[in-house]
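Results of the structural survey
Residue strings, one per chain:
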Amino acid sequence: MTAKTLGRNLEILEKYRKYADVAELRVDCLDPDERLLIRRFPEQAGIPIILTIRRDTDGGLFVGGEGARISLMARGLAYAEADRRRNFAYLDIEEDLNVSSLEEAARTFGTRIIRSYHNIKGTDADLPMRIRSMRRSGDEIVKVAVMANSTRDVLELLCAGKECEGHEKILISMGHFGVYSRILSEQFGSLFSYSGALSEPDALPAAPGQIEVRELANLYHFRNITKATKIYGVTGYPLKATSSPSFFNTVFELEGSNAVYVPFPADSITDLIDIAKELNVEGISVTVPYKEAIIPFLDFQSDEVGVIGACNTLTLTPQGWLGTNTDARGFSDSLLRFLNKPNFKRQRVTVIGAGGAARSVVFELHRLGAKVLILNRTIHKARRLAAPYKFSWGGLDEQGIEKMEKYRDIIIQTTSAGMEGINPDNLSDDPAAMYNFCGREEVMDLVYKPKMTAFLKRASNAGCNVLNGFDMLIRQARYQYTQFTGKEFPEHFLSRVQFGEF
Ligand code: ATR
């Protein structure tokens, strides 16, 4: 709870009560006058409260001296009552704070000590030793919250936790890279996960990477996660926004499976695979930029992965990691349904782009009988992609665009041009701006955000039928579900599954 007044914190607590088992009162976030009135807060809150006064050097807002901070802590504990529900349930004391009178008072009156260490800059090398040596008496809970600047940092914390199994502790990898340490607390060996009412305008995120409390409860079903929960996730970089957790977690909830699907942002696919092993992850969706980089880690793969050279689905099997590609079928299912055709025979198709996404598209077009022209900004990549299929190729230049005259039953845009968030001024990006639609083309853009790219809008204005990549996204996710679980996708849930964002 990070609001400026106690009253406001109580209001927020009331609104979010059902999501919280324990609340942390961040006294450092209170207005100075309010800090003097904290003693009655546990009674008013009616839920176990952690008393925390975080220094600015540890990521908090307290800038006064240690004397002032200690006397505030003492004020929080003072005149303990026989009814423990009226006292603070926990007191957060940093590992470098040595005030034995405070600790004795806490222990005597049943306030448990959370012995904390924060590093807001990075992850320390000596974590196992630190975790083991921090606790000063048997009933203390050790809390280590360190900034993860890389996937390796998260791995270090996870392994440190495993080395110290049996200790009561809270381990948090702060920041974007560590987001899943806040969901998989059970697997990280943590007693608590810290969350916040982040959608309240005056509730500051208490630490980088925190997940909004309703999201933790409703999207990830945090309270249902146990050691027996099957873990799946999506990896990529930067993986700032992904709809997949929303899709999979809703399906898991509807069918009542004990499974969770989390984001695994990763700056190193090698370290991510190590994390997946440590966490017993059973399936991973692989997205940009790792669809090719993942291939050396596969123990075996489908034929498609071999030919396409890209893998978007990793499934753990008794024989190791199986790599498959569900983008390909997702694409062809989506487009064929849109066209109401069984295959692409007699269709002359232009594919714009020659990257990873284009490779899946071209593979399917070939498999299903199309004649294809591939146009790419970097012309040699178009030639390289076309060669094994004996397809035509060209640049996204005047000559290339002229060739489209003969390949325009269907036009498929596979580049990231026009995708939201790629760069701030790219929304008007149209990779085939020189091409004039005649209005009879069937046009697909693999991008789904925004729903209408500049390219698709131009096609639609000229009278073409247009399709964006959203339907393909859902279809490939359904195939992924089958890979992960070995079950047919429960189609009757489809209308209830929403693609939100994390
Ligand atoms: P993906 O897996 O999304 O296909 P990729 O393998 O990096 O990603 O490929 C990106 C594709 O988008 C490439 O075809 C790239 O063209 P270049 O090969 O010339 O780089 C294309 N691309 C990206 N931005 C583009 C733009 N603004 N205009 C045209 N093509 C673009």
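Note: the structure precedes this text.
Below or above, wherever it landed, is the structure these notes cover. Position labels on residues start from 1 in each chain and follow its written sequence. Residue-level local features of this predicted model are given only where pLDDT is at least 70; pairs of side-chain atoms are given and counted only at 80 or more, and the full residue set underlies all totals for whole chains, interfaces and linings. Heavy atoms from the whole structure form the basis of all side-chain values; hydrogens and water molecules are not counted.

Right, let's get into the overall build of the protein. Each helix and strand counted, the protein has 18 helices and 18 strands in total. Over its C-alpha atoms, taken along the principal directions, the protein stretches across nearly 85 × 50 × 40 Å. Each residue is placed in one exposure class: buried if its accessible area under a 1.4 Å probe, protein chains only, is under 20% of its type's maximum, exposed if it is over 50%, and partly exposed if it falls in between. Burial statistics for the protein: of 502 residues in total, 55% are counted as buried. Computed with the Shrake-Rupley method and a 1.4 Å probe, the accessible areas treat only the protein chains shown as cover for residues. A total accessible area of about 22100 Å² is found for the protein, and carbon and sulfur atoms account for 50% of it. For this count, His and the chain ends are skipped, Lys and Arg are scored as positive, and Asp and Glu as negative. Charged side chains are reduced to one point each, which is NZ for Lys, CZ for Arg, CG for Asp and CD for Glu. Averaging the coordinates of the 62 positive side-chain charges in the protein and doing the same for the 64 negative ones gives two points 4 Å apart. Helix numbers and strand numbers start at the N terminus; a helix is a DSSP run of H or I with at least 4 residues, a strand a run of E with at least 2.

Salt bridge, as used here, is a side-chain nitrogen of Lys or Arg placed within 4 Å of a carboxyl oxygen of Asp or Glu. Throughout the structure, instances matching the rule amount to 43 salt bridges. One salt bridge in this structure joins R85 and D83, with 3.3 Å as the shortest N-O distance. In this structure R85 comes out as exposed when scored by relative accessible area, which is 67%. Between R107 and E140 there is a salt bridge, with the nearest N and O atoms lying 3.0 Å from each other. Of this pair, R107 sits in helix α5 (residues 100–108) while E140 sits in the loop between α6 (127–134) and β5 (141–147), placing them 33 residues apart in sequence.

Position of T151 relative to the elements: it lies in helix α7 (residues 151–163). T151 has contacts with F177, Y180, P265, A266, D267, S268, D271, L272 and I275, leaving out every residue within four places of it along the chain. We call two residues in contact when some of their heavy atoms are within 4.5 Å.

The next thing to look at is the site of the ligand. Not every one of the 14 residues close to the ligand is listed here, only the nearest: G356, N376, R377, T378 and K381. Side-chain atoms alone can form a polar contact between residues adjacent in sequence; in general such a contact is a pair of N or O atoms within 3.5 Å, and within protein one must be able to donate a hydrogen while the other accepts it. One of the side-chain N or O atoms of N376 is found 2.7 Å from an oxygen atom in the ligand. Note that an oxygen atom of the ligand is positioned 2.9 Å from one of the side-chain N or O atoms of K381. Surface burial for the ligand is 73%, taken as the share of its 640 Å² of free accessible area covered by protein chains. By convention in these notes, a residue is near a molecule or strand provided one of its non-hydrogen atoms lies within 4 Å of it.

Take the number of residues in a helix, subtract one, and multiply by 1.5 Å to get its expected span. With 13 residues, helix α13 (residues 327–339) should cover 18 Å at 1.5 Å per step; its first-to-last C-alpha distance of 18 Å lies within 8% of that length. Burial in α13 covers these residues: D327, A328, G330, F331, S332, S334, L335, L336 and L339. Structurally, α13 contributes buried residues whose contacts are with α12 (303–308), α14 (356–367), β16 (410–413), β17 (442–445), β18 (465–467) and α18 (470–485).

All right, on to the sheet that holds strand β8 (residues 259–265) then. One open sheet accounts for six strands, arranged β8-β7-β9-β11-β12-β10; its pairing is mixed. Two strands bound the open sheet, and with one partner strand each, they are β8 and β10 (300–301). Where strand β7 (residues 230–236) and strand β9 (residues 281–286) come together, five bridges link them in parallel fashion. Its bridge partner lying in β9, T235 is registered against V286. The sheet strands contacting helix α11 (residues 269–279) are β7, β8, β9, β11 (313–317) and β12 (320–324), and the helix crosses β9 at an angle near 150°. As a rule, the C-alpha atoms of each element are fitted with a line to give its axis, helices using only the stretch in contact, and angles between N-to-C directions run from 0 to 180 degrees. Here α18 sits on the sheet in contact with β7, β8, β9, β11 and β12, set at roughly 15° to β11. At least two bridges found by DSSP between two strands is the condition for calling them paired.

Counting rule for disulfides: a pair of cysteine sulfur atoms within 2.5 Å. Enumeration over the complete set of coordinates arrives at zero disulfides. For the unlinked cysteine C159, the closest cysteine sulfur is that of C164, found at 11 Å. Residue classification places C159 among the partly exposed residues on the basis of a relative accessible area of 27%.

Moving on: the environment of R348. On the secondary structure map, R348 appears in strand β13 (residues 348–352). Residue classification places R348 among the partly exposed positions, given a relative accessible area of 30%. In contact with R348, other than residues within four places in its own chain, are K371, K406, Y407, R408, D409 and I410.

Attention now moves to helix α17 (residues 454–461). All buried positions along α17 are accounted for by F455, L456 and A459. One side of α17 holds all its buried residues, which, seen down the axis, span an arc of 95°. On the buried face of α17, the contacting elements are β13, β16, β17 and β18. At the exit of α17 stands G463, carrying a positive phi of roughly 105°. The directions considered for the arc are those from the helix axis to the C-beta atoms.

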